[in-house]
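Residue-level structural notes
If you want the building blocks of each chain, they are given just below.
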Amino acid sequence: MTQITNKEVGPDQIYTDYLKKQIFALPKCMKCKKYHFFPRTACPHCGSFKLEWYPVTGAGEVYSCTTIYRKSERGGNYNVSLITLNEGPRIMSRVEGVEPESVKIGSRVTASIDNETDEPFVIFTPTEIPGSCHTY
Amino acid sequence: MSHILRGSSAIVGIGQAGCGKAEGRTPLDILAEATHNALDDAGLSLSDVDGLFTGSSYHFMPTLSTAEYLGIKPRFSDGSMIGGSSFIAHTLNAAMAIHSGLCDVALICYGSNQRTAGGKLATMSEQQTYEVPYKPHYPISSYALAAARHMYQYGTTREQLADVAVAARQWAQLNPEAFVRDKLTREDVLNSRMISDPLSLLDCCLVTDGGGAVIMVSSERARDYHHKPVYLLGMGMAHWHRQITQMPDLTITAAKESGQRAYEMAGLSVKDIDVVEVYDAFTINTLLFLEDLGFCPKGEGGAFVANGNISPGGTLPVNTHGGGLSCVHPGMYGIFILIEAVRQLRGSCGKRQIDGAEVALVHGNGGVLSSQATSILGTEQTL
Ligand SMILES: [Zn+2]
C-alpha cells in the first residue's frame, strides 16, 4: 500500500486520510509486528518508532455492546459497540444493519467506512455467512 | 519488615458540607465549609495547614484556587487529578509528604455544586476523538459495556446488579444524612428508565452537591487531637487506561493491582477487612471491585452481591452510608468513602455502626474504570 509518509502529518491525520481514500488502515510495528489503535507515533507494545501503515481486513468480533436509549423523535435507540479486530486492536464503533437491541456479543462483523462527512469513521455490519441467507 | 509508610500517618479530622443541595454556593464555598468542619473536628486551625491536596472539575489549577480561597500558603501541595479516586490517592501522597517532612498538617479536600448548578457533569476533560462519532454517553456507556461483558462471560444478571442498589438504599435508610432514603426494591431498579443497556436510571449514582475534607498528620502527633486517630496502614494505586477501548479486559479492573499493593503495604489480607467502602458510581462497580479486591472469586460477584449479602445484616458490610447510589455523589466522590471509613473506625456511625470495626478498606475509581486507588485504614489496635 502507498504509505502516507508526509512528515508534516501526524498519526491522527494519516488515519483519517486513509479513510477518505476508502481504506481502513492501522499502524503496524515493524519490530514486534503488532498493530495498535488509536494511532500513535510510537508502538505502545514495545516502544518502537518503526511503524508502517497497513490496511486491515475489517473483520472482527463484537467484544461488548450497549443500546443507548433515545426518544424516537430524536432518532431512536442506537448501538455502541467495542469491536476486537482480527488484527488485535479493539475499537469503539456502531453496528448497523440490524436493530440495536439484536447486536450480540461474540457475533462476527465487517467494517465499512462512513464517508458522508468531512470526518469519516468506521462502522460495522453483521458478517454474511457464505451459502446462508441469514446474517448474525 | 513492614513498609516505612505503614501507620506513619493518621487521619485526625473529617468534615462535610452541603451534601445534597447547597443552593447558591460555588464549589469552593462548599469546600471551604467542609474544610473548616474538618479542622474543628480535629481541634486545629487554618493556620496549622501547611500541606494541600485537592482535585476539581471546576478549577484548572485547583490547589492554587483552593489555597487562595481558604487563605493558606501551603509549603507542599499536590493537585494530582485522576478523577473521582484522586482523594484516595492523595492519602498516599500526603503520607509521603508528612513522612519526609515536607508538611506537618495535610488537608485533603473537595467541593462541588453539581446538583444545584443544573445536574450536568462538570468536566474540563478533552473529548475522546475516536469515540465521538459513535455518541456514547459519558461516562455511563463505558460502564454499560463493562456490565454487558461481565454478563456475557459470567452469567451476571440485571437482578444481581439491582441488588447492589437495593443494598445501598438499605444502608442509606440507617443513615440520617443520606440524600435518598425511601424504600427501594429490586423491581423498582429493573423497571426504572433504561439509559444505556444494561444500566437503567437506578443503576446510576445520585447527582448531589457536597464537599468533604480530611486532615492527616504524622502518627507521632496523632493522639494530640479530639478523636481516636485512624491510621493509614496501606495504600496502592494503579491505572491501565484512560478510555474504555484501551481497557485490556472489561471484566478485570486495575483494582486488582491497587488492592494487592495496599494489602502488601498494610501486611494484611482480605480476611482482615471489617468494613468496605467502594466507589459505586454504577451498580457494576461494586461487583467488579469486590471481585478484584479479593472478596469473592472473579466472575462470582453477581452471586456475592445478591440477596442482601452486602446489605445490613449480610456477611460483608459494603458502602455503609448508602454509597454514591443513595447517600451523596457530587461529581467526584472519593473523599466521602474516606470519611465514612473514618467514622466507622471511630465507632461514630450510630445505627449503621459495624460492631468492633478495626480495619476498613476504601477503594476509589476514576474516569471509566480507569484509575484505581485503594487505602486500608485501621485503629490504634492494628498498628
Ligand atoms: Zn512494537
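Residues numbered from 1 in each chain as written. Chains lettered and ligands numbered in written order. Predicted model: local features only at pLDDT ≥ 70, side-chain atom pairs only at ≥ 80, totals over all residues. Heavy atoms only, no water.

**Re the overall build of chain B**
Along its length, chain B carries eleven helices and eleven strands. In terms of overall dimensions, chain B is globule-like: its C-alpha atoms have a radius of gyration of 19 Å, near the 21 Å expected for 383 residues. Each principal axis of the C-alpha atoms in chain B carries an extent, and together these give about 50 × 40 × 40 Å. Each of the 383 residues in chain B was classed as buried or not, and the buried ones make up 64%. A total accessible area of about 13600 Å² is found for chain B, and carbon and sulfur atoms account for 51% of it. (Helix = DSSP H or I, 4+ residues; strand = E, 2+ residues; numbered from the N terminus. Rg over C-alpha atoms; globule rule 2.2 N^0.38 Å. Buried < 20%, exposed > 50% of the residue type's maximum accessible area, 1.4 Å probe, protein only. Areas by Shrake-Rupley, 256 points an atom, 1.4 Å probe, with all protein chains shown as cover.)

**A look at the domain arrangement of chain A**
All names here are of chain A. Assigned domains within chain A: domain 1 (11-55) and domain 2 (59-135). Averaged C-alpha coordinates put domain 1 and domain 2 at centres separated by 22 Å. Contact residues are listed per partner, giving eleven residues for domain 1 and 14 residues for domain 2. Across the interface of domain 1 and domain 2, roughly 990 Å² is buried in total on both sides, 72% from carbon and sulfur atoms. The three residues of domain 1 that bury the most area against domain 2 are L19, F24 and F37, which together make up 47% of that side's buried surface. At the boundary of domain 1 and domain 2, one finds zero salt bridges. Put simply, domain 1 and domain 2 have two residue pairs in polar contact (both at pLDDT 80 or more) between them. A total of four residues in the side of domain 1 that touches domain 2 trace back to one element, the largest contributor, which is helix α1 (residues 11-20). (Domains from an automatic or database assignment. Contact = heavy atoms within 4.5 Å. Buried area = accessible area lost by both parts, 1.4 Å probe. Salt bridge = Lys/Arg side-chain N within 4 Å of Asp/Glu carboxyl O. Polar contact = N/O pair within 3.5 Å; in protein donor to acceptor, adjacent residues only side chain to side chain.)

**Quick notes on the interface of chain A and chain B**
The interface of chain A with chain B comprises 27 residues on the first partner and 25 residues on the second. At the boundary of chain A with chain B, total buried surface from both sides reaches about 2300 Å², with 60% on carbon and sulfur atoms. Looking at the side of chain A that touches chain B, the elements with two or more residues in it are α1, β3 (59-68), β4 (78-85), β5 (90-93) and β7 (121-126) of chain A. In terms of residues, the side of chain A that touches chain B owes the most to one element, β3(A), which gives seven residues. Partitioned by chemical class, the residues of the side of chain A that touches chain B number 18 nonpolar, five polar and four charged. (Nonpolar A, V, L, I, M, F, W, Y, C, P; charged D, E, K, R; others polar.)

**As for the coordination of the zinc ion**
Four donors placed tetrahedrally about a metal ideally form angles of 109.5 degrees, and six donors placed octahedrally ideally form angles of 90 or 180 degrees. Residues and elements named next belong to chain A. The protein atoms that coordinate the zinc ion are C29 (SG), C32 (SG), C43 (SG) and C46 (SG), at distances spanning 2.3 to 2.4 Å. Each of the four donor atoms around the zinc ion contributes to a set of angles spanning 101 to 117°, which defines the coordination as tetrahedral. Look at where the donors of the zinc ion fall in the sequence and you get C-x2-C-x10-C-x2-C. With C29 in strand β1 (residues 25-29) and C46 in the loop between β1 and β2 (51-55), this pair connects stretches of sequence that are 17 residues apart. For C29, a relative accessible area of 0% puts it in the buried group. Relative accessible area serves as the criterion here: at 33%, C46 is assigned to the partly exposed category. (Donors = N, O, S within 2.8 Å, 3.2 Å for Na, K, Ca; no water. Tetrahedral: all angles 85-135°; square planar, octahedral: opposite > 155°, others 65-115°.)

**A short note on the packing of aromatic side chains**
Going through the model one piece at a time under the given rule, you end up with twelve aromatic pairs over all chains. Judged by centre distance (6.2 Å) and plane angle (25°), the rings of Y333(B) and F336(B) are stacked. In this pair, the class of Y333(B) matches that of F336(B), namely buried. Through a chain of ring-to-ring contacts, the aromatic side chains of Y15(A), F24(A), F37(A), F38(A) and Y130(B) assemble into a single cluster. Seen from the ring of Y54(A), K28(A) lies directly overhead, with NZ or CZ sitting 5.5 Å from the centre. Directly above the aromatic system of F38(A) lies the positively charged group of R40(A), at a separation of 3.8 Å from the ring centroid. (Phe/Tyr/Trp six-rings, centres within 6.5 Å; stacked < 30°, edge-to-face > 60°. Lys NZ or Arg CZ within 6 Å of the ring centre and 35° of its normal.)

**Details of the domain arrangement of chain B**
All names here are of chain B. Under the domain assignment used here, chain B contains domain 1 (9-119 + 209-233) and domain 2 (136-205 + 234-382). Measuring from the centre of the C-alpha atoms in domain 1 to the corresponding centre in domain 2 gives 23 Å. Tallying the contact residues gives 43 residues for domain 1 and 40 residues for domain 2. Together, the buried faces of domain 1 and domain 2 total about 3300 Å²; carbon and sulfur atoms form 70% of this surface. Our count for the domain 1 to domain 2 interface comes out at two salt bridges.

**Section: helix α3 (residues 86-99) of chain B**
All names here are of chain B. Between the first and last C-alpha of α3 there are 20 Å, a value that for 14 residues agrees with the 20 Å anticipated at 1.5 Å per step. The element α3 is largely enclosed, with a buried count of twelve among its 14 residues. Listed in full, the buried residues belonging to α3 are S86, F87, I88, A89, H90, T91, L92, N93, A94, A95, A97 and I98. Backbone geometry just after α3 places G101 at a positive phi near 80°. (Expected span 1.5 Å × (residues − 1).)

**A look at the environment of S65(B)**
All names here are of chain B. Considering the arrangement of structural elements, one finds S65 in helix α2 (residues 62-70). The sequence separation of S65 and L28 amounts to 37 residues, and the corresponding C-alpha distance is 8.4 Å. Those residues in contact with S65 that lie beyond four places of it in its chain are L28 and H59.

**Brief notes about the pairing of β5(A)**
Residues and elements named next belong to chain A. Taking every second residue as pointing to the same face, both faces of β5 are buried, with R90 and M92 on one and I91 and S93 on the other. Pairing geometry for β4 and β5, over four bridges, is antiparallel. Along β5, the bridge assignment pairs I83 with I91. As consecutive antiparallel partners, β4 and β5 are separated by four residues, and within that stretch G88 has a phi angle of approximately 120°, a positive value. (Pairing = 2+ DSSP bridges.)

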